[in-house]
Amino acid sequence: MSVLPLVFTSGWASGINAYAVVLLLGVFGATGLSDEVPASLQRTDVLVMAAVLFLCEVVADKIPYVDSVWDSVHTVVRPVAGAVVAALLAGESGSLPELAAGAIGGSTALMSHLVKAGTRMAVNSSPEPFSNIAVSTAEDLGVAGIVTFAIFHPLVAAVIAGTLLLLGIVTLLFLASRIRRFLRRRSRRREEKRLAGAGSHWPLE
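Note that residues are indexed from 1 along each chain, following the sequence as it is written. The predicted origin of the model limits local features to residues at a pLDDT of at least 70 and limits the giving and counting of side-chain atom pairs to 80 or more, whereas totals for whole chains, interfaces and linings rest on all residues. Values shown for side chains rest on all heavy atoms present in the structure; no hydrogens or waters enter the calculation.

(A) Fine view of the pattern of salt bridges. For this document, the term salt bridge refers to a Lys or Arg side-chain nitrogen within 4 Å of an Asp or Glu carboxyl oxygen. Counted according to the given criterion, the structure contains nine salt bridges. Arg43 is the salt-bridge partner of Asp45, the closest N and O atoms lying 2.5 Å from each other. A 1.4 Å probe rolled over the protein chains alone gives each residue an accessible area, and that area as a share of the maximum for its type sets the label: buried under 20%, exposed over 50%, partly exposed in between. A relative accessible area of 42% means that Asp45 is categorised as partly exposed. Take Arg43: its relative accessible area is 45%, and that puts it in the partly exposed class. Residues Lys62 and Asp140 are paired through a salt bridge, measuring 2.7 Å at the closest nitrogen-oxygen approach. In this pair, Lys62 is assigned in the loop between helix H2 (44–60) and helix H3 (66–93) and Asp140 in helix H5 (residues 130–152), connecting sequence segments 78 residues apart. You'll find Lys62 and Asp140 in the same group, each marked buried. Strands here are runs of E lasting at least two residues and helices are runs of H or I lasting at least four, both read from the DSSP assignment and numbered beginning at the N terminus.

(B) Broad picture of H5. By this rule the span expected of a helix is its residue count minus one, scaled by 1.5 Å. The terminal C-alpha atoms of H5, which comprises 23 residues, lie 34 Å apart, in line with the 33 Å expected from a rise of 1.5 Å per residue. Taken together, the buried positions of H5 are occupied by Asn132, Ser136, Glu139, Asp140, Val143, Ile146, Val147, Ala150 and Ile151. Where the residues of H5 are buried, they touch helix H1 (4–30), H2, H3, helix H4 (98–124) and helix H6 (154–174). In this analysis, two residues are considered to be in contact whenever any of their non-hydrogen atoms come within 4.5 Å of each other.

(C) Seen up close, a nonpolar patch on the surface. Like charges within 9 Å and nonpolar side chains (Val, Leu, Ile, Met, Phe, Trp, Tyr) within 5 Å are joined into patches, using only residues over 30% in relative accessible area that form no salt bridge. Where accessible areas are quoted, they stem from the Shrake-Rupley method and a 1.4 Å probe; at the residue level, only the protein chains shown are allowed to cover. Together, Phe149, Val156, Ile160, Leu164 and Leu167 make up an exposed nonpolar region whose accessible area comes to about 390 Å². Among the elements that line the nonpolar patch, the one with the most residues is H6, at four residues.

(D) Fine view of the nonpolar core. Each nonpolar core is a collection of buried residues, namely Ala, Val, Leu, Ile, Met, Phe, Trp, Tyr and Cys, held together in the definition by side-chain atoms within 4.5 Å. Counting 32 residues, the largest nonpolar core has Val7, Trp12, Val21, Leu25, Leu89, Val143 and Val147 as the members making the most contacts within it. For this core, the secondary-structure elements that each account for two or more residues are H1, H2, H3, H4, H5 and H6. Looking at which element gives the most residues to this core, the answer is H1, with eleven residues. If near-sequence neighbours (up to four positions away) are discounted, Trp12 is found in contact with Thr108, Ser112, Ile146, Ala161, Leu164 and Leu165.

This is the structure we're talking about:
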């Protein structure tokens, strides 16, 4: 099961930024830095698409409230991407059944995505945008650094990813009140928009 640490780490990273994971792994495989990366991730069209979507995520993820909408859309995308990447890695190495790898990668991606989305809700409860930008930048750098590290030291990288996932879950529990505040604020905004829209349809006297 030599590929298991890389499967776990890629799943954790996919839950935060799946496009960065695909892009990084594809580049590492295409440049010959890793033999673990399947050829399907090294294709030019896959790399170009991943790069475009990664740039979209970099921008959207740093705008308050837009980032939470982006996270909602990616509640399915990130776990699926984590499962697919993990299955491809397992298929390339032959040391772990693809179905098992997909389950590990997908479930890990789902957990890290929930941590990311919940943390971002808590951050968005603050009116200033700078903490949002700082958190997003830290996530981008963390994914890039740990995925790169996993190529050369997969076991240590998996331990780091597991530790960060655990810390994220604990942090999320402490931020529960701020998350509830964010959800109340978003619900209030939706209600205000609904009432404003209904009022605009009243006939003018």
